[in-house]
Amino acid sequence: MGTSSNGNGTDTGVSVKILMFGLEGTQYCVRAESTASVLEVTDGTSLADADDPWNAGTITVAGELVRVVDLPRIFGSTSRTSARVDDPKLLVFSVTDDDGRYYGWLVDDVDVTRTVRTASLEAPRLDTSHVKGRLDIDGEEVLWLDQRAIHA
């Protein structure tokens, strides 16, 4: 018997591990296997001053270049900066851009990994290419972001 698709390009018969994170009190997630590390951001001043939140700057981590996407400015209030929370985090993904830089997302906080069934993924409430769908986890809505669309 074959598996089916839920229209979001996600196989409905599979369990996957997700990494949850927060932005302005909203919970989001991505596939845990797509992330390489979570880093503390000690000085986000240069990132906060960037004109383009989709390319908020490049930092060097352990000799590797990381292109930063400022998610709080994209998904939240555009006036907010990395100084809005005490300990912002940087999710670093395992994929690189055409110049060999890794992608990193500035986020407010990083939560836990969870295993979910892709069959529980529901369509997003708004039509956007950046959100694969939404999950109900412990009574809370969690938006599953499409990192490929964000990195495009």
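Read on for an overview of the structure.

How each quantity is defined
Residues numbered from 1 in each chain as written. Predicted model: local features only at pLDDT ≥ 70, side-chain atom pairs only at ≥ 80, totals over all residues. Heavy atoms only, no water. Pairing = 2+ DSSP bridges. Helix = DSSP H or I, 4+ residues; strand = E, 2+ residues; numbered from the N terminus. Axes fitted to C-alpha atoms, helices over the stretch in contact; angles between N-to-C directions. Core = buried A, V, L, I, M, F, W, Y, C linked by side-chain atoms within 4.5 Å. Buried < 20%, exposed > 50% of the residue type's maximum accessible area, 1.4 Å probe, protein only. Contact = heavy atoms within 4.5 Å. Salt bridge = Lys/Arg side-chain N within 4 Å of Asp/Glu carboxyl O.

Thoughts on the sheet that holds strand 10 (residues 140-145)
In space, the 5 strands of this open sheet follow the order 8-1-2-10-9, with mixed pairing throughout. Edge positions in the sheet fall to strand 8 (109-117) and strand 9 (131-137), since each of these pairs with one other strand and no more. Going from strand to strand, the sheet's axes swing by 35° on average, the running direction of each strand aside. Looking at chain direction, strand 9 and strand 10 are connected through 6 bridges and run antiparallel. The residue bridging I137 from the neighbouring strand is E140, located in strand 10.

What to know about the nonpolar core
The biggest cluster of nonpolar side chains holds 17 residues, and the ones touching the most others in it are F21, L71, L91, W105, V107 and L145. Only strand 1 (15-23), strand 2 (26-31), strand 6 (89-96), strand 7 (102-107) and strand 10 provide two or more residues apiece to this core. Discounting chain neighbours no more than four positions away, the residues touching W105 are F21, V30, V69, L71, K89, L90, L91, F93, L145, Q147, I150 and H151. Listed in part, the 10 residues of the second largest apolar core include M20, L121, I137 and W144.

Description of the pattern of salt bridges
One pass over the structure, following the stated rule, counts 8 salt bridges. We note a salt bridge from R134 to E141, for which the minimum N-O separation is 3.7 Å. Since its relative accessible area comes to 16%, R134 is described here as buried. Residue classification places E141 among the partly exposed positions, given a relative accessible area of 34%. One connected set of salt bridges, linked through shared partners, spans D97, D99 and R101.

Geometry only, nothing functional implied.
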